[in-house]
Amino acid sequence: MSGSFVTNTAAACALLLFLVSPQSQAAEDEVLEALELFIAAFENGDIEAMESSFADNAVTFPRSIMTHKYDRDIDVSKYRRVRGIDPQMRELIDSLKRSGRERPYLDIEPVDLEIQIFGDAALATFHLAGGEQLGRRTFVLALIDDAWKIVHLHASNVYGSRQ
């Protein structure tokens, strides 16, 4: 056996032990809690709590709609990168508040949630199933001042999909 093979194998084992360590599990639990707080705030229309889930420099790609059947042109300006919370989320919350409905306004159930930890960064992906659409969500979080904050959110929905 060559020395580099042994060294590389030892390094790979050390990395594997780090990735499945209790520290990694604790970080995953903290990220899950941060996501749950954001989702609960969204369901209840609490814009301030939603904003506090985001880092100051966070960017969002607003929810895009992918479908083969469109009877009008798509205004692509609504789907460009924005700072902070997706304006479509704000519009939805405002319309739900005006509707007179009781809280929680929404019932968001992540499906196939996967959280990956990369040191002080985390990637969380999940689906939202519902009727003829499949929602896809990607969150990137960073550990900032001992709290997991959303630094990027990408949302897209595929319509006319078979689940």
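Fair warning: this is a prediction, and the values are worked out from it, not measured in the lab.

A. Examining unusual backbone geometry more closely. A cis amide bond links Arg 103 to the next residue, Pro 104, at an omega of -5 degrees. Residue position: Pro 104 is located in the loop between α4 (87-98) and β3 (111-118). In this structure, Asp 146 is a non-glycine residue whose phi angle is positive, near 65 degrees.

B. View of α4. Here α4 contains 12 residues, and its C-alpha end-to-end distance of 17 Å stays within 8% of the 16 Å for a straight helix at 1.5 Å per residue. Burial in α4 covers these residues: Gln 88, Met 89, Ile 93 and Leu 96. Taken down its axis, α4 places every buried residue within 140 degrees of arc, on the same side. Summarising the geometry of α4, the exposed residues directed more than 90 degrees from the buried face are Glu 91 and Arg 98. Directly beyond the C-terminal end of α4, a positive phi value near 85 degrees is found at Gly 100.

C. Looking closely at the layout of surface pockets. Within this model, the largest pocket holds a volume of roughly 540 Å³. As for the largest pocket, its lining consists of 26 residues, and the residues nearest its centre are Phe 42, Arg 63, Leu 92, Leu 128 and Arg 137. Of all the secondary structure elements, the ones that give two or more residues to the lining of the largest pocket are α2 (22-43), α4, β4 (121-130), β5 (133-144) and β6 (147-159). With five residues, β5 is the single largest residue contributor to the lining of the largest pocket. Split by residue class, the lining of the largest pocket holds 15 nonpolar, five polar and six charged.

D. Structural detail: the packing of aromatic side chains. For the structure on display, the rule yields four aromatic pairs. Taken together, a centroid distance of 5.7 Å and an interplanar angle of 70 degrees make the contact between Phe 38 and Phe 139 edge-to-face. Pair noted here: Phe 38 is in helix α2 and Phe 139 is in strand β5, with a separation of 101 residues, a long-range link. An aromatic cluster is defined as three or more aromatic residues linked by ring pairs; in this entry it consists of Phe 38, Phe 42, Phe 54, Phe 126 and Phe 139.

E. Molecular detail of the nonpolar core. Residues Val 31, Phe 38, Met 50, Phe 139 and Leu 141 are the most contacted members of the largest nonpolar core, which totals 27 residues. When residues in this core are grouped by element, the largest group, eight residues, is from α2. Excluding residues that lie within four positions of it along the chain, Phe 139 makes contacts with Leu 35, Phe 38, Ala 122, Leu 123, Ala 124, Phe 126, Ile 150, His 152 and Leu 153.

Conventions used here
- Residues numbered from 1 in each chain as written.
- Predicted model: local features only at pLDDT ≥ 70, side-chain atom pairs only at ≥ 80, totals over all residues.
- Heavy atoms only, no water.
- Helix = DSSP H or I, 4+ residues; strand = E, 2+ residues; numbered from the N terminus.
- Expected span 1.5 Å × (residues − 1).
- Buried < 20%, exposed > 50% of the residue type's maximum accessible area, 1.4 Å probe, protein only.
- Arc of directions from axis to C-beta.
- 1 Å grid on protein atoms, 1.4 Å probe; cavity = no way out; pocket = protein on both sides within 12 Å on 5 of 7 lines; lining within 4 Å.
- Points joined across faces, edges and corners; volume = space filled by probe spheres on them.
- Nonpolar A, V, L, I, M, F, W, Y, C, P; charged D, E, K, R; others polar.
- Phe/Tyr/Trp six-rings, centres within 6.5 Å; stacked < 30°, edge-to-face > 60°.
- Core = buried A, V, L, I, M, F, W, Y, C linked by side-chain atoms within 4.5 Å.
- Contact = heavy atoms within 4.5 Å.

Everything listed here is a matter of coordinates, which is why it stays silent on function.
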